[in-house]
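Letter by letter, the chains look like this.
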Amino acid sequence: MKNLVILISGRGSNMEAIVRACAHEAWPARIAAVIANRPDAAGLAFAASHGIATAVVDHRQYPDRAAFDAALAQTIDGYAPDLVVLAGFMRVLTEGFVTHYSGRMLNIHPSLLPSFPGLKTHQQALDAGCRVHGATVHFVTPTLDHGPIVAQSGIPVRAGDDAAALAARVLKTEHVIYPRAVRWFVEGRLALDGGRVTLSPPEPQWLFLDDVNEAQAHNAGEGA
Ligand code: GRF
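Residues numbered from 1 in each chain as written. Predicted model: local features only at pLDDT ≥ 70, side-chain atom pairs only at ≥ 80, totals over all residues. Heavy atoms only, no water.

A count of helical and extended segments in the protein chain gives seven helices and 10 strands. Dimensions of the protein chain along its principal axes, counting C-alpha atoms only, are 45 × 40 × 40 Å. Sorting the 224 residues of the protein chain into buried and exposed places 50% on the buried side. Within the protein chain, contacts between residues separated by at least 24 positions form 62% of all contacts whose residues are at least 6 apart in sequence. Here the protein chain carries 18 positive and 21 negative side-chain charges, and the mean point of each set is 1 Å from the other. (Helix = DSSP H or I, 4+ residues; strand = E, 2+ residues; numbered from the N terminus. Buried < 20%, exposed > 50% of the residue type's maximum accessible area, 1.4 Å probe, protein only. Contact = heavy atoms within 4.5 Å. Lys, Arg positive; Asp, Glu negative; His and termini not counted. Charge placed at Lys NZ, Arg CZ, Asp CG, Glu CD.)

Bringing the UniProt feature "binding site: (6R)-10-formyltetrahydrofolate" (unreviewed entry) in the protein chain into the picture now. Taken from the UniProt record, the annotation "binding site: (6R)-10-formyltetrahydrofolate" (unreviewed entry) applies to Arg65 and Asn107. Cross-referencing the annotated residues with the lining of the largest pocket gives Arg65 and Asn107. Mapped onto the elements of the fold, Arg65 is located in helix 3 (residues 65-77). If we ignore the near neighbours within four places in the chain, the residues touching Arg65 are Arg91, Val92 and Thr94. By the element assignment, Asn107 lies in strand 5 (residues 105-109). Ignoring any residue separated from it by four or fewer positions in sequence, one finds Asn107 in contact with Leu86, Thr136, Val137, His138, Val140, Asp145 and Tyr178. (UniProt positions renumbered as here; feature names shortened; annotations may be inferred. 1 Å grid on protein atoms, 1.4 Å probe; cavity = no way out; pocket = protein on both sides within 12 Å on 5 of 7 lines; lining within 4 Å.)

Applying the stated criterion to the full structure yields nine salt bridges. Across the pair Arg20 and Glu16 runs a salt bridge, and its minimum N-O distance is 3.2 Å. A residue pair is termed a helical-turn pair when its members lie 3 or 4 positions apart in one helix, as Arg20 and Glu16 do in helix 1 (residues 13-24) at four residues. Through salt bridges with shared partners, a single ionic network connects Glu25, Arg183, Glu187, Arg189 and Glu203. (Salt bridge = Lys/Arg side-chain N within 4 Å of Asp/Glu carboxyl O.)

A few words now on the UniProt feature "domain: Formyl transferase N-terminal" (unreviewed entry) in the protein chain. UniProt records the feature "domain: Formyl transferase N-terminal" (unreviewed entry) for residues 2-182 in the present numbering. Across residues 2-182 one finds 36% helix and 24% strand; the C-alpha atoms that close the span lie 11 Å apart.

Along the polypeptide, Pro179 turns up in helix 6 (residues 163-186). Through-space distance from the C-alpha of Pro179 to that of Ala71 is 27 Å; in sequence the pair is 108 residues apart.

With that out of the way, let us pick up the site of the ligand. Around the ligand sit Arg11, Gly12, Ser13, Asn14, Gly88, Ile108, Pro110 and Glu174, and that is every residue in its neighbourhood. In the model, an oxygen atom of the ligand is placed 2.5 Å from a nitrogen or oxygen of the Arg11 side chain. Because more than half of its atoms lie within 2 Å of the grid, the ligand is assigned to the largest pocket. (Near = heavy atom within 4 Å. Polar contact = N/O pair within 3.5 Å; in protein donor to acceptor, adjacent residues only side chain to side chain. Sits in = over half its atoms within 2 Å of the grid points.)

With that settled, consider the layout of surface pockets. In this structure, the largest pocket encloses a volume near 880 Å³. In this structure, the largest pocket is lined by 37 residues; those nearest its centre are Gly88, Phe89, Met90, Ile108 and Pro110. Tallied by class, the residues present in the lining of the largest pocket amount to 16 nonpolar, 15 polar and six charged. Composition of the lining of the largest pocket by domain shows at least three residues from each of domain 1 (1-101) and domain 2 (112-135 + 150-224). (Points joined across faces, edges and corners; volume = space filled by probe spheres on them. Nonpolar A, V, L, I, M, F, W, Y, C, P; charged D, E, K, R; others polar. Domains from an automatic or database assignment.)

Relative to the 16 Å expected for 12 residues at 1.5 Å per residue, helix 1 spans 16 Å between its end C-alpha atoms, a close match to the ideal helical length. Within helix 1, nine of the 12 residues are buried, which leaves the element mostly enclosed by the surrounding structure. All of the buried residues along helix 1 are Ser13, Asn14, Met15, Ala17, Ile18, Val19, Arg20, Ala21 and Cys22. Those residues of helix 1 hidden inside the fold are in contact with strand 1 (2-8), strand 2 (29-36), helix 2 (43-49), strand 4 (83-86), strand 5 and helix 6. (Expected span 1.5 Å × (residues − 1).)

Once that is clear, we can look at the packing of aromatic side chains. If you walk through the whole model with that rule in mind, you get three aromatic pairs. An angle of 55 degrees between the planes, with centres 6.4 Å apart, marks the rings of Phe139 and Phe185 as tilted. With Phe139 in strand 6 (residues 132-139) and Phe185 in helix 6, this residue pair connects regions lying 46 residues apart in the sequence. Looking at Phe139, the relative accessible area reads 4%, which means it is buried. You can call Phe185 buried: its relative accessible area is 15%. Here the basic side chain of Arg91 rests over the ring of Phe68, its NZ or CZ set 5.4 Å away from the ring centre. (Phe/Tyr/Trp six-rings, centres within 6.5 Å; stacked < 30°, edge-to-face > 60°. Lys NZ or Arg CZ within 6 Å of the ring centre and 35° of its normal.)

Shown next, in the form of structure tokens:
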């Protein structure tokens, strides 16, 4: 049984998708805790209502990043995690923190990395005239929004799309690929080979949703 600790900053819809998939697909894992850096993170209520331990490490209470990261790591490690899952966790992490969880921390970023690290990814994709946009699950390395890619999802960019429309469609695909990637980790199927990830036995590490309604069909747990 693997222990997962999920970090959120707000809504927590990716965390919800992972919690639901873990239960519905009976992963050999438990969500040991959901930790937020903001006391008002909406996702905390969902986690608590599902009997999951919650904690807040409020970054505003610490003088600098290093002090916050040290407190955060102490809280995380209290739950003995096999994997730390960043799910909309909106803090830049120090190199020491990232190194401590090397090979056992995943993130999801709403772009097809290595394009568009950072913020406002959907607008960046529109401004660049991209015809395809998406999301990436990757192992976390000290470079922001970088690191070995575990899974990617794509959607077409349609005429008339704005950033909000893209964000909504990409998010649907995130709810499919993130639980899938976490399950692969839990099943011990991911290996790191330099900057690349190998999945064994292999299966597609990508998802392309032309019609976002298809997302439901790919994610038995969501909305259930
Ligand atoms: C997602 O788009 C994720 O890719 C990004 O932040 C958003 C978090 O959404 N890192 P939620 O909190 O999981 O609903």
